[in-house]
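Here are the chains, one letter per residue:
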4 protein chains.
Amino acid sequence: MTNKTDGKENQMWGGRFSRGPSAIMEEINASIDIDRRLWREDIAGSKAHAAMLAAAKIISVKDNEAIQHGLGQITSEIERDEFAFSKALEDIHMNIEARLKEIIGEPAGRLHTARSRNDQVATDFRLWVRRACEEAETSLKALMLALTKKAGENADAVMPGFTHLQTAQPVTFGHHLLAYVEMFSRDAARFADARARMNESPLGAAALAGTSFPIDRDATAAALGFDRPCANSLDAVSSRDFALEALSAASITATHLSRLAEELVLWTSPHFGFVRLSDAFSTGSSIMPQKRNPDAAELVRAKAGRIIASLNNLLIVMKGLPLAYSKDMQEDKAATFEGMDALSLGLAAMTGMIGDLEANESAMKEAAGRGYSTATDLADWLVRSLNMPFRQAHHVTGAAVALAEKKGVALDALPLEDMQKIEPKITKDIFSVLSVQASVASRTSFGGAAPANVKREASRWLAALNKEKN
Amino acid sequence: MTNKTDGKENQMWGGRFSRGPSAIMEEINASIDIDRRLWREDIAGSKAHAAMLAAAKIISVKDNEAIQHGLGQITSEIERDEFAFSKALEDIHMNIEARLKEIIGEPAGRLHTARSRNDQVATDFRLWVRRACEEAETSLKALMLALTKKAGENADAVMPGFTHLQTAQPVTFGHHLLAYVEMFSRDAARFADARARMNESPLGAAALAGTSFPIDRDATAAALGFDRPCANSLDAVSSRDFALEALSAASITATHLSRLAEELVLWTSPHFGFVRLSDAFSTGSSIMPQKRNPDAAELVRAKAGRIIASLNNLLIVMKGLPLAYSKDMQEDKAATFEGMDALSLGLAAMTGMIGDLEANESAMKEAAGRGYSTATDLADWLVRSLNMPFRQAHHVTGAAVALAEKKGVALDALPLEDMQKIEPKITKDIFSVLSVQASVASRTSFGGAAPANVKREASRWLAALNKEKN
Amino acid sequence: MTNKTDGKENQMWGGRFSRGPSAIMEEINASIDIDRRLWREDIAGSKAHAAMLAAAKIISVKDNEAIQHGLGQITSEIERDEFAFSKALEDIHMNIEARLKEIIGEPAGRLHTARSRNDQVATDFRLWVRRACEEAETSLKALMLALTKKAGENADAVMPGFTHLQTAQPVTFGHHLLAYVEMFSRDAARFADARARMNESPLGAAALAGTSFPIDRDATAAALGFDRPCANSLDAVSSRDFALEALSAASITATHLSRLAEELVLWTSPHFGFVRLSDAFSTGSSIMPQKRNPDAAELVRAKAGRIIASLNNLLIVMKGLPLAYSKDMQEDKAATFEGMDALSLGLAAMTGMIGDLEANESAMKEAAGRGYSTATDLADWLVRSLNMPFRQAHHVTGAAVALAEKKGVALDALPLEDMQKIEPKITKDIFSVLSVQASVASRTSFGGAAPANVKREASRWLAALNKEKN
Amino acid sequence: MTNKTDGKENQMWGGRFSRGPSAIMEEINASIDIDRRLWREDIAGSKAHAAMLAAAKIISVKDNEAIQHGLGQITSEIERDEFAFSKALEDIHMNIEARLKEIIGEPAGRLHTARSRNDQVATDFRLWVRRACEEAETSLKALMLALTKKAGENADAVMPGFTHLQTAQPVTFGHHLLAYVEMFSRDAARFADARARMNESPLGAAALAGTSFPIDRDATAAALGFDRPCANSLDAVSSRDFALEALSAASITATHLSRLAEELVLWTSPHFGFVRLSDAFSTGSSIMPQKRNPDAAELVRAKAGRIIASLNNLLIVMKGLPLAYSKDMQEDKAATFEGMDALSLGLAAMTGMIGDLEANESAMKEAAGRGYSTATDLADWLVRSLNMPFRQAHHVTGAAVALAEKKGVALDALPLEDMQKIEPKITKDIFSVLSVQASVASRTSFGGAAPANVKREASRWLAALNKEKN
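Residues numbered from 1 in each chain as written. Chains lettered and ligands numbered in written order. Predicted model: local features only at pLDDT ≥ 70, side-chain atom pairs only at ≥ 80, totals over all residues. Heavy atoms only, no water.

1. Quick look at the overall build of chain A
Then, in step 1: Check the secondary structure of chain A and you find 18 helices and six strands.
Then, in step 2: Against the 2.2 N^0.38 benchmark of 23 Å for 470 residues, chain A shows a C-alpha radius of gyration of 31 Å, more extended than a compact globule.
Then, in step 3: The principal-axis extents of the C-alpha atoms in chain A amount to approximately 100 × 50 × 40 Å.
Then, in step 4: Counting across all 470 residues of chain A, residues that qualify as buried make up 69%.
Then, in step 5: For chain A, contacts bridging at least 24 residues in sequence account for 73% of all contacts bridging at least 6.
Then, in step 6: With an accessible surface of roughly 14200 Å², chain A has 50% of that area assigned to carbon and sulfur atoms.
Then, in step 7: Charged side chains of chain A number 55 positive and 60 negative; the gap between the two group centres comes to 2 Å. (Helix = DSSP H or I, 4+ residues; strand = E, 2+ residues; numbered from the N terminus. Rg over C-alpha atoms; globule rule 2.2 N^0.38 Å. Buried < 20%, exposed > 50% of the residue type's maximum accessible area, 1.4 Å probe, protein only. Contact = heavy atoms within 4.5 Å. Areas by Shrake-Rupley, 256 points an atom, 1.4 Å probe, with all protein chains shown as cover. Lys, Arg positive; Asp, Glu negative; His and termini not counted. Charge placed at Lys NZ, Arg CZ, Asp CG, Glu CD.)

Next comes the structure, spelled out in structure tokens:
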């Protein structure tokens, strides 16, 4: 890294510095490569601010018209990819203001009246995070819809429920998928709460203390879709908890995505073979042509690392910073963009995988029967039919399982006389609860795995999600 | 660490294991040292469950009475510190159930009907986290009240507002404190949202699939103060996002606490001297008897590390776990307890420090005048009085500051003729905006630092916080 | 939490504080519940310091004798659990010094000459971390030995090598276990490096600036087993990178442990069935009596969260702290103890599990043949025997696999004529490379999976590890 | 985000997939935007591999010549920015191999003999991390040199030493800077250790099991500057602890950088005024023209968040991954690049700031005298001259400070008679130790703050650092 100074006066803060920042300084200080993504928000904020300044007679109507026109032209230029972003101008705000001056001249210099980069950047970034929360909520609902549809189709497809990755009790594939619908619905609600909480306008806080100009903060707040202006100017420019809350919601969502991704990796392994991902979401191997790798699922699982680290990053940056603005806070954007981008991609990939996947019902059902998965049903039968205390029933069941294991047979293949040797009161009625279908069908308690429950829940979710879309 | 086996059969899962878990296994597996804190929640859950089982005729009224009585006795024993916790019984659930059996005999074995440790622990832990959220919200409001009172007392105490720890513009100490009231109010709202979202009952999800017993999950939910039962049994036993959300709210709060703590460390440094902490929250030095160290503030600042790490811990634990329960999830409690305990302590210490602190108004005011802090006021005057574009006014101001600095005088001590050499249209009216009091009094925009604003906001918060208390 | 003041003067810093610290302050400030673990280190440091003071004639020989005797008595008291630790005395240092005063009177007051709590705590903690590094290294070698022995026993037990959890190519179980020996050997080396780097004595740095007493820092360094004294007094009392380095080594080790733990969870799942853990390291289920849960493996996997979070915790605490000592640094011990304890337990549990596990060779071998795992061997045969470019061989192999899959047969069951339809030059020699045994036997490149390699490597490691033990 | 499929067969894994990956899949799967930075390493690895294949007669001399020539041409194309990177080709490896095929035709297809993308990417990435460690070590030494020079110039510039940001005892600015030289020297040693440990070649591990081709791994290891080949093929392709170790060293370094950065922010604040940063490393304000903001220091402080998060990211990604390669590991590069880039920038900026800064000796010295900073000297005098036990001397000193504070005078301005009222044996000799110069000059213990020590240490470091450069 070379350390040449560029020899010309920095264009933004003028004459007090005898030489421009060095190349290192430009490298560490300039944020334009990151914050150019905020161009729409920056222009929207400036348009609202200029219109308010004119309405409050702080600038002239004519100046406002020039500013609105110039900002409109810049919008077109950026949209058409004809805007020349400059690192020497440091950030998106100065890039746009400098271009505005080229286009409209002197009135551009009036736009920054009663404003500071501190409230400008706080406004732009909050608008961006607000939109990212809205998009996350929308994407989560698309994923919930994909899961709900697949759950409805598989409401009675028996599969093993696991604990400790050991076969525990039969459930259905639909029931399993609906568990994720519940998780993602809470994630969506977290983004909605975050969005509602952050929806206050920092604009007009100026550098940190407010301003002596008679500005109308309600007007700019309304123009930008905020519910109200922030009530304290220092808080407005110094706080980034809105981004931290969005990243927290993203991190929690990421744990859910990573759990489902882990399951896809397991289920597509030949050792499980429960599902087949579509070609679109599998890849091959350069040296092992037969492989069908669940790359997308693995990448979604890994994105949890990135998203959690983004939250960690911003929490660390904000720790211990005195009020008001410190330059440390410039790092808020890279962290937040990375975290929210990774979430967005992870949600899209997961929605694609779920929508396309094909369940292998026979493999699931076969697996559901392994491992004495209806042992609990046996124990429950003892409690219900023989009025045995549960803890005693548990011991009797353990003995039956041990015997079946020794004989190498499934629980429902253990002869009645063998069972009766363990507990003489057992009758042949016991066999009515030992099949996986019988087991799963019996789980009719609210929230239980019975196919009837699953169908009802899938319908409920489908209606709710479709209603929201309309 | 020795690896002796204890030679006796494990008391919980009975006969299939030929030798007991080794000492290492006991050490890594037993959670009683951690989860004994859940004893109240565990007993409440068992009482609700037994009452429901009796109402649903799954157990007899008499058995229920025995269970209620036995659990009542255990409550007394634990409250009187007469309960012998046993590591061999692994966790709080088995400790209580084993004691119940000693007290009431066979009916104890019926309590676990239609229940599993999986939904039991999920219920207990959720109850604990719910209460921790309520307490955090209450503690935050106590801190907000302390800040609001101190802000009201210091509504017109001028102090420097900083950016980059450089003197920027004058504000008031009250305005500065109210910025934190805004932050902590959002923190409190986050805990309230988390509490509302988590308030669903896992009880009755059993191991993972629900149960075939005709249980009444609405009844147990209502008895435990939950709004409704969880709608999916797998989700009920597998999800810990409620704890993650609480730790996220705690982590964001911790950044706010750490920022205020950093400011206390700065303000009590002899280089600032803005405030004096009470003796109760200062400590001395073993070798430097003159020291008054802001230990409590430093410890609050450091607690951010612990709280953020607790969140990080649980996010990492949950990443990539397949459904349903995995033993990894046993680590949820240590992480959550540590994070919420550290928050609780940090909030209490900060409330104590704020309540007791004394502001040094003269030191603050003197500092507020340093560093040409009214330069913006000069620039704004040029815009307002001379209709100068802001960017041009900014350059003129820069020249005036440079001249004042060269002459070694404050901005309001720069002679008018000097100013006029820079900009001939400047009149003596300029001096009406260059004092720190004039500056701060002029910041009357909504949310601005003007004392009138600060008084109004402090009154508004005081009324709101007192209303809630009643 | 009550906030009563205890009414009596704090015993440590004397008269300048008009009232004692409040209960909150005691709660947040006292570290004795954490740092009492440092008692051995604290006494060792004090003994070395007192002996040096006497040798340098800063205190009398008689005073030193009294101090040595008193510290010896305290050692006995703590070892016999007869020492009354007091929270009011805050930390281990004051607890011991106060007791020393009770035992020997006035000479106790001379022990702190030319010393401060700052260098005292830095010394104690460094001694503790040094020992923790030594123990981690020793534990890692015990685990490596268990893995090496098991690898030697399973040097030719064919198992599937996975990528993306898809069957990729056959390896042997021994080869797989030796991969972890390599990882853990680097982990052990990291602890050794950390230990060597931290082995400098902070004692004598006093509060931060050194002292005017003619102390002999080389003498105390030597007495405590340090290689030399720290060369800068500010660094000596302010740095905690030695703990960060230990926690980094622990975190990296934790990723390795968690990977092996994940594999144990997979391998013990009925879907794999590759290994059986001993009863000592499995647990049952309260409701599903047939379960054999790999709880220890899951807990080891989860401990990665705790260990990584401990590192995160201390990194966050240390971030941005100005020199020299800040009270924030008191949090170093909780974080480090937790991380190193979790590592210690994880290593012991893993060593136990590996030592006891039984491999199911037939299940592994059967699985190794699935999924066309010798496709690469086919491609390599084409390259070697037909001089086909690898990329072309890859395409031919892909076609053969697709045909075998369509016919539902293994690759070595595809008739020669079918192969020749795809590539006419294929001869029956091809079948010599398509079995899993042939495949694995052919991997004789350095570091490859061939049983001969595995045996050689296992012997090499066994010799190296046994040599170190002697 | 649209989800169109591109309609053409994926070019890498050929015919088994009926349609290409969707747009989402390309977005999440392709790594070329990240890993194109590895182009030099990829070409070096391929050249070494091809040369070895020819030497081992696995490919022909002519094919090798073609490959070497083709790779040389690609090098030129990339250096001249004439290489068209393609996202459809996913990663740097396929981009280069595809271009090689265009240039040299069929022999390109032979390059991948006895190699896999798994060992290829492991080799490339390890080469990159190795270089990054070397550069970090070099940069650290440049920073140490800048600090050492500045320390030598300020060996006797008295400044306050702080604990808890309270004035504690006088030190010198040179002594303070040398504390950081110690820290950064350990950081440099950590990078050196990491580099040495990782310097083994994965090349030849192939996909995971080694190969049946008679490759010479020693030859490729030597050609690429590795000390030896990795001894286990599974470890070679599955481990990323080398990157974790580099990121750990970076994170620890980042805490040191952030501490020094915090001090620069404090020292440049008008409340301290200890140092002045050069214009090159300060910035102005858009609304407050008088500001000189230490932006570079704040950004260096903030980078700690990014660097620690990068480590956290990769630790989380690696947690719980079974062997061998999982696609999750593709995320290793983004995390590592970001962390090491941020470190590199932070080190350069800090070196620039330190090299340019000007110390304000008089402000430092004035501050060093505040806060009764020589109280310890008074206590030590009592011990030394009156043979008072330290703890008693501490109490006497506390009384003297309290009296001086009450009278509003410095300690050396307290009349002798006042002192004698507290302790009659005090003589006027006491005043010889109460000035800041006397205090600092007396700290001659090894590692102490005395100017003579500082000069000696600065010379020692200067010699050591200059020697290394030659």
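2. Comments concerning the relation of the copies chain B and chain A
Then, in step 1: When chain B is fitted to chain A, the residual RMSD is 0.1 Å, and the transformation amounts to a turn of 180 degrees plus an axial shift of 0.0 Å. The operation mapping one copy onto its partner corresponds to a two-fold rotation axis. Closest to the rotation axis within chain B is the C-alpha of B:S248, separated from it by 3.0 Å.
Then, in step 2: A shared interface surface links the copies, since 100% of the contact residues of chain B are contact residues in chain A too. (Least-squares fit on C-alpha atoms with pLDDT ≥ 70 in both.)

3. Regarding the pairing of strand β1 (residues 158-163) of chain B
All names here are of chain B.
Then, in step 1: The element β1 is largely enclosed, with a buried count of six among its six residues.
Then, in step 2: Where β1 meets strand β2 (residues 166-172), six bridges bridge the pair, whose relative direction is antiparallel. Directly across from V158, in β2, lies its bridge partner T172.
Then, in step 3: Between β1 and β2, which follow one another and run antiparallel, lie two residues, and H164 among them has a positive phi close to 60 degrees. (Pairing = 2+ DSSP bridges.)

4. Quick word on the interface of chain B and chain D
Then, in step 1: Between chain B and chain D, the contact holds 46 residues from the first and 46 residues from the second.
Then, in step 2: Summed over both partners, the interface of chain B with chain D comes to about 3800 Å²; 56% of that surface belongs to carbon and sulfur atoms.
Then, in step 3: Counting across the chain B and chain D interface gives 16 residue pairs in polar contact (both at pLDDT 80 or more).
Then, in step 4: For the side of chain B that touches chain D, the elements supplying multiple residues, two or more each, are β1, β2, α10 (241-268), α11 (295-318), α14 (375-386) and α15 (390-407) of chain B.
Then, in step 5: Of all the elements, α15(B) adds the most residues to the side of chain B that touches chain D, at six residues.
Then, in step 6: Each residue belonging to the side of chain B that touches chain D can be placed in one class, and the counts come to 19 nonpolar, 19 polar and eight charged. (Buried area = accessible area lost by both parts, 1.4 Å probe. Polar contact = N/O pair within 3.5 Å; in protein donor to acceptor, adjacent residues only side chain to side chain. Nonpolar A, V, L, I, M, F, W, Y, C, P; charged D, E, K, R; others polar.)

5. Quick look at the interface of chain B and chain A
Then, in step 1: Taken residue by residue, the interface counts 104 residues in chain B and 105 residues in chain A.
Then, in step 2: Taken over both partners, the interface formed by chain B and chain A buries close to 8900 Å², and the fraction arising from carbon and sulfur atoms is 56%.
Then, in step 3: Of all residues in chain B, B:R259, B:L323 and B:R391 bury the most surface against chain A, accounting for 9% of the area lost on that side.
Then, in step 4: In this structure, the connection of chain B to chain A is made through 12 salt bridges. (Salt bridge = Lys/Arg side-chain N within 4 Å of Asp/Glu carboxyl O.)

6. Quick look at the pattern of salt bridges
Then, in step 1: Applying the stated criterion across every chain yields a total of 164 salt bridges over all chains.
Then, in step 2: With a shortest N-O distance of 3.2 Å, A:R110 and A:D63 are connected by a salt bridge. One end of the pair, A:R110, is in the loop between α5 (92-104) and α6 (117-153); the other, A:D63, is in helix α4 (residues 61-79), with 47 residues separating them in the sequence.
Then, in step 3: Its relative accessible area of 14% is what places A:D63 among the buried residues.
Then, in step 4: Across the pair D:D91 and D:R117 runs a salt bridge whose closest N-O atoms are separated by 2.6 Å. A residue pair is termed long-range when its members are at least 10 positions apart, and D:D91 in the loop between α4 (61-79) and α5 (92-104) and D:R117 in helix α6 (residues 117-153) qualify at 26 residues. D:R117 matches D:D91 in its accessibility class, with the two residues each being buried.
Then, in step 5: Among the charged side chains, a network of salt bridges with common partners joins A:R186, A:D187, A:R190, A:D193, B:R197, B:D235, B:D241 and B:E245.

7. Topic: the packing of helix α14 (residues 375-386) of chain D against helix α15 (residues 390-407) of chain D
Residues and elements named next belong to chain D.
Then, in step 1: Two numbers describe how α14 lies on α15: the axes approach to 8 Å, and their chain directions differ by 135 degrees. Judged by the angle between their axes, α14 and α15 are oblique. α15 is crossed by α14, and the crossing has right-handed handedness. Residue-level contacts link A375, L378, A379, D380, L382 and V383 of α14 to F390, A393, V396, T397, A400 and V401 of α15. (Axes fitted to C-alpha atoms, helices over the stretch in contact; angles between N-to-C directions. Parallel < 35°, antiparallel > 145°, perpendicular 65-115°, else oblique. Left-handed = near helix turned anticlockwise from the far one by under 90°.)

8. Looking at the relation of the copies chain B and chain D
Then, in step 1: Mapping chain B onto chain D calls for a rotation angle of 180 degrees and an axial translation of 0.0 Å; the resulting RMSD is 0.0 Å.
Then, in step 2: The fraction of interface residues of chain B whose copies in chain D are also interface residues reaches 100%, indicating that both copies meet through the same surface.

9. Describing the nonpolar core
Then, in step 1: Counting residues in hydrophobic clusters, the biggest one holds 611 residues, and the most contacted among them are A:M350, B:M350, C:M350 and D:M350.
Then, in step 2: Contact partners of D:M350, with chain neighbours within four places excluded, come to D:L143, D:L257, D:L260, D:A261, D:L264 and D:V300. (Core = buried A, V, L, I, M, F, W, Y, C linked by side-chain atoms within 4.5 Å.)

10. Here's the deal with the packing of aromatic side chains
Then, in step 1: Under the counting rule described, the total for this entry stands at 34 aromatic pairs over all chains.
Then, in step 2: When the ring of A:F173 is compared with that of A:W267, the centres are 5.5 Å apart and the planes differ by 70 degrees; the resulting orientation is edge-to-face. Of this pair, A:F173 sits in helix α7 (residues 173-198) while A:W267 sits in helix α10 (residues 241-268); the two residues are 94 residues apart in sequence, bridging distant segments of the chain. Neither A:F173 nor A:W267 differs from the other in exposure class; each is buried.
Then, in step 3: When the centroid spacing of 6.4 Å and the interplanar angle of 65 degrees are considered together, the rings of B:F272 and D:F272 count as edge-to-face. Note that B:F272 is positioned in the loop between α10 and β5 (275-276) and D:F272 in the loop between α10 (241-268) and β5 (275-276), a pairing that runs across two chains. An identical accessibility class is assigned to B:F272 and D:F272; each is buried.
Then, in step 4: Ring pairs connect the aromatic residues A:F162, A:F272, A:F274, C:F162, C:F272 and C:F274, which therefore count as one cluster.
Then, in step 5: Stacked on the ring of A:W461, the Lys or Arg A:R460 has its end atom at 5.0 Å from the ring centre.
Then, in step 6: Just above the ring of C:F213 sits the side chain of D:R384; from NZ or CZ to the centre is 5.1 Å. (Phe/Tyr/Trp six-rings, centres within 6.5 Å; stacked < 30°, edge-to-face > 60°. Lys NZ or Arg CZ within 6 Å of the ring centre and 35° of its normal.)

11. Quick look at unusual backbone geometry
Then, in step 1: The linkage connecting A:L323 with the following residue, A:A324, adopts the cis geometry, with an omega of -10 degrees.
Then, in step 2: The phi dihedral of A:E90 falls on the positive side, at around 70 degrees, and the residue is not glycine.
Then, in step 3: Position of A:E90 relative to the elements: it lies in the loop between α4 and α5.
Then, in step 4: Classification of A:E90 by relative accessible area gives buried; the value is 7%.
Then, in step 5: Even without being a glycine, D:A114 presents a positive backbone phi close to 60 degrees.
Then, in step 6: Using a relative accessible area of 4% as the deciding quantity, one classes D:A114 as buried.

12. Observations regarding helix α15 (residues 390-407) of chain A
Residue and element names in this part refer to chain A.
Then, in step 1: Taking 1.5 Å per residue as the helical rise, α15 with its 18 residues ought to reach 26 Å, and the 26 Å between its terminal C-alpha atoms agrees with that figure.
Then, in step 2: Turning to α15, its buried residues number three or more, namely F390, R391, A393, H394, V396, T397, G398, A400, V401 and A404.
Then, in step 3: Within two residues after α15, G408 carries a phi angle of roughly 70 degrees, on the positive side. (Expected span 1.5 Å × (residues − 1).)

13. What about the packing of α7(A) against α10(A)?
All names here are of chain A.
Then, in step 1: Two numbers describe how α7 lies on α10: the axes approach to 8 Å, and their chain directions differ by 165 degrees. It follows that α7 is roughly antiparallel to α10 by the angle criterion. The crossing of α7 and α10 is left-handed.

14. Observations regarding the confidence of the model for chain A
Then, in step 1: Summing up the model confidence of chain A, the mean pLDDT is 92 and the portion of residues at 70 or higher is 94%.
Then, in step 2: Reported confidences for the modelled complex are a pTM of 0.95 and an ipTM of 0.94. (pLDDT = per-residue confidence, 0-100.)

15. Some words on the environment of D:F83
All names here are of chain D.
Then, in step 1: Its location among the elements puts F83 in the loop between α4 and α5.
Then, in step 2: Note on F83: relative accessible area 9%, which makes it buried.
Then, in step 3: Residues F83 and E298 lie 215 residues apart in sequence; the distance between their C-alpha atoms is 38 Å.
Then, in step 4: Setting aside residues no more than four positions away along its own chain, F83 makes contact with I74, E77, I78, N95, I96 and R99.

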